[in-house]
Amino acid sequence: MSEELVIEEKRVFMTGNEVVAWAALAAGADIMYGYPITPQNEVMHYWSRLAPRYGKNFLQTEDELSAGFATAGGVMAGRKAFTATAGSGSVLMQEPMAMVEMMRLPTVTVVQQRGGPSTATVIYSQQEVALTTMGGNGEGMRVVYSTAGHQDLYDYTIKAFNSAWKYRFPAFVLGDGYQAKMREPLTIYEPEKRGITLLEPEPYVGREGKPGQDRPPAQYRNTYNLEEELYEKLMSDIRDFEKISAEIAEYESMHTEGAELVIIAHGIVFRAVGEAVSNLREQGLRVGGFRPVTLRPLPAAQIKDLVAGVKKILVVESAYGQMARLLKETACGAPCEIHTMFKPGVGIAAEEVEEKAKEILHSQ
Amino acid sequence: MQIAPVMPKSWRVDNKPHKFCPGCGHGLILKCLGKAIDELEIQSRVIYGCDIGCSLLSWDFFNLDTVQAHHGRTTPVMTGIKRARPELLCIAYMGDGGGYSIGVQHLVGAAMRNEKITVIVANNTQYAMTGGQLAPTTLPGQKTETSPYGRDPGATGMPFQGAEMISAIAADGAYVARGSISHLAQLTGFLKKALKNQIDGHGFSFVEALSACPTNWRTDAAGTWEFIEKDMAGYFERGEIKVPGQKEATADA
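Residues numbered from 1 in each chain as written. Chains lettered and ligands numbered in written order. Predicted model: local features only at pLDDT ≥ 70, side-chain atom pairs only at ≥ 80, totals over all residues. Heavy atoms only, no water.

### A short note on the packing of aromatic side chains
Residue and element names in this part refer to chain A.
Now for step 1: The final tally for this structure, using the stated rule, is 18 aromatic pairs over all chains.
Now for step 2: With a centroid separation of 3.8 Å and an interplanar angle of 5°, the aromatic rings of Y124 and Y178 are classed as stacked. Placement of the pair is Y124 in the loop between β5 (108-113) and α5 (129-134) and Y178 in helix α7 (residues 177-181), with a sequence separation of 54 residues.
Now for step 3: The class of Y124 is buried, set by a relative accessible area of 1%.
Now for step 4: Assessed through its relative accessible area of 31%, Y178 is described here as partly exposed.
Now for step 5: Sitting above the plane of the F169 ring, R104 keeps its charged end 3.9 Å from the centroid. (Phe/Tyr/Trp six-rings, centres within 6.5 Å; stacked < 30°, edge-to-face > 60°. Helix = DSSP H or I, 4+ residues; strand = E, 2+ residues; numbered from the N terminus. Buried < 20%, exposed > 50% of the residue type's maximum accessible area, 1.4 Å probe, protein only. Lys NZ or Arg CZ within 6 Å of the ring centre and 35° of its normal.)

In structure tokens, the structure reads:
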């Protein structure tokens with residue numbers, strides 16, 4: 001007999017991977033399909049311990065291709081299915097996610113970024129931004145939340161399930177090895193008690209009745225015969241995605257009003273940026289911070305506003321400009337100076353950001 | 001007067017004739033499968049998955065809920081469905097390229113875990129949809145677009161014994177057989193037993209079906225028949241290889 005899941009609202013001190021497992025439970029996930037890769041492993045470890053207790057399932061597949069495709073299968077069967085991966089596993093995950101994108105399946109994938117390319121490090125990076133936002137042989141119709149800590153991991157994992165099922169695009173929670181492995185305090189809660197309505201999954205296949213007799217057969221494909229046929233299908237999806245983009249997009253900003261320099265970062269790097277901005281403000285410098293929470297779709301309107309009203313921006317990331325490229329595309333034509341601080345695969349501390357900001361401010 | 005062809009009840013009739021080439025084996029295998037589904041009266045419970053390659057042309061073939069997946073990935077999609085909803089009967093249908101080459105790790109993984117799904121591999125000794133390239137099942141000396149001088153076993157190996165491999169790695173409770181479009185009653189029987197094995201929850205079930213591709217083989221009717229019955233039969237033996245509760249068939253048994 002399985003227990004009823006009750007998550008009392010309380011402060012806890014956990015690793016990020018454990019947070020993800022609890023958040024998936026809180027979101028009503030039914031089944032996880034996964035394959036080992038560091039630094040994501042403990043998502044599976046915690047889930048596989050917790051799942052049977054609450055009548056939920058886990059399957060360790062033969063690789064990430066299988067984990068992703070099985071997740072698609074679980075979703076089509078009408079269950080809330082999810083997976084988690086990292087690094088070269090994210091590379092393999094692109095194939096199933098391309099199918100998911102094409103078939104408009106609501107999947108949730110948690111990505112705990114590690115160093116790249118190739119095997120690189122098991123530790124940390126922000127180098128899976130391009131892959132997570134635009135991977136696959138498609139148009140990147142995905143929802144990507146970049147989390148900056150453990151509360152985010154909890155909140156946005158829950159949100160990712162709802163966004164996926166609401167909009168029928170694959171959703172990703174983009175974390176990293178630091179968030180995966182370190183412990184932080186956060187508040188866990190039952191979403192309903194916070195007024196969040198969890199969406200119920202519906203089966204794509206295996207509904208009641210005899211197909212062809214009681215109802216038409218449910219037949220899903222990702223193959224198209226004609227260019228025009230594909231074009232029509234894609235444009236309909238693209239229009240859907242564009243229509244909901246402003247609704248999905250999220251950001252965080254601090255002291256951007258009247259700032260001379262705005263520092264832009266996403267994910268955990270924004271923690272360092274936030275600290276740097278506070279310190280610089282205390283020193284009387286007009287510095288602000290901006291963080292896109294969704295990397296796909298980007299908060300485009302806010303970014304356009306921001307770059308139109310500021311003289312200088314500094315883009316900071318633990319990758320060689322993967323987010324900067326997305327920003328530049330959105331900010332194209334803005335008259336502001338764009339400075340960068342790229343440290344691929346390496347963590348970034350507040351002091352370095354502060355120093356770089358001062359250097360930019362003094363270089364008139 | 002035209003006599004209406006007899007089609008299985010589980011087939012969709014509104015989009016027939018089907019999209020396969022004249023002489024293709026897929027239509028015959030799917031007819032046997034349709035009959036097996038009819039006889040077992042499981043149309044309401046079956047989820048049919050087809051792969052990339054010619055098998056994808058069957059994405060709207062049946063009056064069955066259907067998912068068309070990527071090359072070799074039909075097995076994990078069906079695994080995912082089965083694990084999420086064990087009451088459904090999941091069939092993964094693919095060619096020998098999908099089953100034995102690009103998706104072989106999924107086939108092995110599913111067989112090792114004794115997934116309660118049914119995998120059917122149509123073996124026509126080459127990649128058909130892409131224009132007739134060398135496959136793991138290509139016969140020695142057989143000419144394909146990527147072995148234009150004939151398959152050289154020294155360079156590219158011998159025809160892959162997929163069903164025998166599955167039999168070797170699958171646990172007790174698995175069902176493994178090889179049939180052929182040249183023996184339709186037998187093939188239907190194998191497919192029925194494979195599905196029954198899934199219904200009974202014994203374990204993994206697997207049927208390889210020897211199939212024909214006159215388009216890429218460049219054979220006429222007589223040549224096609226001879227290739228299946230003589231050439232292919234020399235490497236791929238028809239019969240049941242693993243049956244739950246029975247001693248495994250061996251070469252010298």
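From this point, the discussion proceeds with the structure in view.
### A word on the domain arrangement of chain A
All names here are of chain A.
Now for step 1: Taken domain by domain, chain A holds domain 1 (10-194) and domain 2 (251-361).
Now for step 2: Distance from the C-alpha centre of domain 1 to the C-alpha centre of domain 2: 26 Å.
Now for step 3: Approximately 1,900 Å² of surface area, both sides summed, lies buried where domain 1 meets domain 2, with 53% of it carried by carbon and sulfur atoms.
Now for step 4: The largest per-residue losses of area from domain 1 upon contact with domain 2 belong to Q126, S146 and A148, which jointly make up 31% of the total buried on that side.
Now for step 5: At the boundary of domain 1 and domain 2, one finds two salt bridges.
Now for step 6: Between D152 and R291 there is a salt bridge, with the nearest N and O atoms lying 2.6 Å from each other. (Domains from an automatic or database assignment. Buried area = accessible area lost by both parts, 1.4 Å probe. Salt bridge = Lys/Arg side-chain N within 4 Å of Asp/Glu carboxyl O.)

### Examining the layout of surface pockets
All names here are of chain A.
Now for step 1: Looking at the largest pocket, its volume works out to about 440 Å³.
Now for step 2: Within the residue set of the lining of the largest pocket, elements represented by two or more residues are α8 (227-248), β13 (294-296) and α11 (322-331).
Now for step 3: Broken down by element, the lining of the largest pocket gets its largest block of residues, five residues, from α8.
Now for step 4: Class assignment of the residues belonging to the lining of the largest pocket gives a composition of 11 nonpolar, two polar and four charged.
Now for step 5: Of the residues that make up the lining of the largest pocket, three or more belong to each of domain 1 (10-194) and domain 2 (251-361).
Now for step 6: Here the second largest pocket defines a volume of roughly 370 Å³.
Now for step 7: Around the second largest pocket sit 16 residues that line it, and A98, M102, N137, G138 and N222 are the ones nearest its centre.
Now for step 8: Breaking the lining of the second largest pocket down by element, the ones donating at least two residues are α4 (87-102) and α8. (1 Å grid on protein atoms, 1.4 Å probe; cavity = no way out; pocket = protein on both sides within 12 Å on 5 of 7 lines; lining within 4 Å. Points joined across faces, edges and corners; volume = space filled by probe spheres on them. Nonpolar A, V, L, I, M, F, W, Y, C, P; charged D, E, K, R; others polar.)

### Brief notes about the environment of M103(A)
Now for step 1: Within the fold, M103(A) resides in the loop between α4 and β5.
Now for step 2: Separated by 117 residues in sequence, M103(A) and Y220(A) have C-alpha atoms that sit 7.3 Å apart.
Now for step 3: Beyond its immediate chain neighbours, meaning those up to four positions away, M103(A) contacts M76(A), Y204(A), Y220(A), R221(A), N222(A), V67(B) and Q68(B). (Contact = heavy atoms within 4.5 Å.)

### Points about unusual backbone geometry
Now for step 1: That bond from G116(A) to P117(A) is cis: its omega, 0°, falls within 30 degrees of zero.
Now for step 2: A cis amide bond links K16(B) with the next residue in sequence, P17(B), at an omega value of 10°.
Now for step 3: If you trace the backbone, P17(B) turns up in the segment before α1 (26-40).
Now for step 4: If you check the backbone angles, R104(A) has positive phi at about 55° while not being a glycine.
Now for step 5: Of note, R104(A) is situated in the loop between α4 and β5.

### Here's the deal with the interface of chain B and chain A
Many analyses report the size of an interface as the accessible area lost when the parts associate.
Now for step 1: If you look at the interface, chain B gives 33 residues, while chain A gives 36 residues.
Now for step 2: Carbon and sulfur atoms make up 55% of the surface buried where chain B meets chain A, a total of about 2,900 Å² over both sides.
Now for step 3: Applying the counting criterion to the chain B and chain A interface returns three salt bridges.
Now for step 4: At the junction of chain B and chain A, the tally comes to 21 residue pairs in polar contact (both at pLDDT 80 or more).
Now for step 5: Residue composition of the side of chain B that touches chain A, by class: 14 nonpolar, 11 polar and eight charged. (Polar contact = N/O pair within 3.5 Å; in protein donor to acceptor, adjacent residues only side chain to side chain.)

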